[in-house]
Amino acid sequence: MEKGYKKLIVWKNAHAFAIEVYKQVKDFPKFEEFGVTAQLRRAALSVPTNIVEGQACVSKKEFLNFLNIANRSLVESEYLLEVSLELKYINEEQYKSLDSMRRDVGVLLHSLIQGVKARL
């Protein structure tokens, strides 16, 4: 039987985004291992992780708090992708692909946040 969070399209897309970020940052410079590389990994992974944690909450208010944390991590990812492009750690094609995934997650996450707010 599939767990509750795995039924959420936003979680599926956020998970795919995090996995793709992990794949792309493996080619970042070694000296960035504890800098941009680690920060981008953490931010991207925080999105699906907070959706999972929030989905397990009893109250809608608590769920909303986790969704807002996920959203902030997604915004952090946006900036870190821009920095990665500017530093030429990723090329324009990689950036566009990752940013498109990020935007898709953002739209879904925003809709879920609005839906949960409406039920408070």
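Since we're looking at a predicted model, the values are computed, not measured. Here, residues in each chain are numbered from 1, in the same order as that chain's written sequence. Local features in this predicted model are restricted to residues whose pLDDT is 70 or higher, and side-chain atom pairs enter the listing and the counts only when it is 80 or higher, whereas totals over whole chains, interfaces and linings include all residues. Hydrogen atoms and water are omitted, and side-chain values are computed over all heavy atoms in the structure.

Draft legend 1. How the structure looks around the environment of Glu 92. Strands here mean DSSP runs of E at least two residues long; helices mean DSSP runs of H or I at least four residues long; both are numbered from the N terminus. Here Glu 92 lies in helix 4 (residues 92-118). Residues Glu 92 and Lys 61, spaced 31 residues apart in sequence, show a C-alpha to C-alpha distance of 39 Å.

Draft legend 2. Seen up close, the packing of aromatic side chains. Put simply, two rings from Phe, Tyr or Trp (the six-membered ring, in Trp's case) pair if the centres are within 6.5 Å, and we call them stacked under 30 degrees between planes, edge-to-face over 60, tilted for the rest. Tallied over the full model, the rule gives two aromatic pairs. Relative to Trp 11, the ring of Tyr 5 has its centre 5.0 Å away and its plane inclined at 70°; by these criteria the two rings are edge-to-face. Judged by centre distance (5.3 Å) and plane angle (50°), the ring pair of Phe 28 and Tyr 89 falls under tilted. Note that Phe 28 is positioned in the loop between helix 1 (9-25) and helix 2 (36-55) and Tyr 89 in the loop between helix 3 (60-86) and helix 4, a separation of 61 residues in sequence. Accessibility assignment for this pair places Phe 28 and Tyr 89 in one class, buried. Per-residue accessibility, obtained with a 1.4 Å probe over protein chains only, is compared with the maximum for each type, and a residue is labelled buried under 20%, exposed over 50%, and partly exposed between these values.

Draft legend 3. Structural context of the environment of Phe 31. Residue placement: Phe 31 occurs in the loop between helix 1 and helix 2. For the pair Phe 31 and Met 101, spaced 70 residues apart in the sequence, the C-alpha separation amounts to 27 Å.

Draft legend 4. Expanded view of the packing of helix 1 against helix 2. Simply put, an axis is a line fit to the C-alpha atoms, just over the touching stretch for a helix, and the angle between two N-to-C directions goes from 0 to 180 degrees. Orientation of helix 1 relative to helix 2, taken along the N-to-C sense of each, is 165°, at an axis distance of 9 Å. With respect to helix 2, the element helix 1 is oriented roughly antiparallel. For helix 1 against helix 2, the interelement crossing comes out left-handed. On helix 2, the residues that touch Val 10, Trp 11, Ala 14, His 15, Phe 17, Ala 18, Val 21, Tyr 22 and Val 25 of helix 1 are Thr 37, Leu 40, Arg 41, Ala 44, Leu 45, Val 47, Pro 48, Ile 51 and Val 52. Throughout, the ten residues Ala, Val, Leu, Ile, Met, Phe, Trp, Tyr, Cys and Pro are labelled nonpolar, Asp, Glu, Lys and Arg are labelled charged, and all others, Gly among them, are labelled polar. Residues of the contact of helix 1 with helix 2, tallied by class, amount to 15 nonpolar, two polar and one charged. When describing relative orientation, an angle under 35 degrees is termed roughly parallel and one over 145 degrees roughly antiparallel, while 65 to 115 degrees is termed roughly perpendicular and anything else oblique. Crossing handedness is read from the near helix: turned anticlockwise from the far helix by less than a right angle, it gives a left-handed crossing, and turned clockwise, a right-handed one. By the convention used here, residues are in contact when the closest approach between their heavy atoms is within 4.5 Å.

Draft legend 5. Fine view of helix 3. Take the residue count of a helix, subtract one, and multiply by 1.5 Å to get its expected span. The end-to-end C-alpha distance of helix 3, which contains 27 residues, comes to 39 Å, matching closely the 39 Å that a straight helix rising 1.5 Å per residue would cover. Of the positions making up helix 3, those classed as buried are Phe 63, Leu 64, Phe 66, Leu 67, Ala 70, Ser 73, Leu 74, Ser 77, Leu 80, Leu 81, Val 83 and Ser 84. Of the surrounding elements, those touching the buried residues of helix 3 are helix 1, helix 2 and helix 4. Note on helix 3: the residue one or two positions beyond its end, Lys 88, has a positive phi of about 65°.

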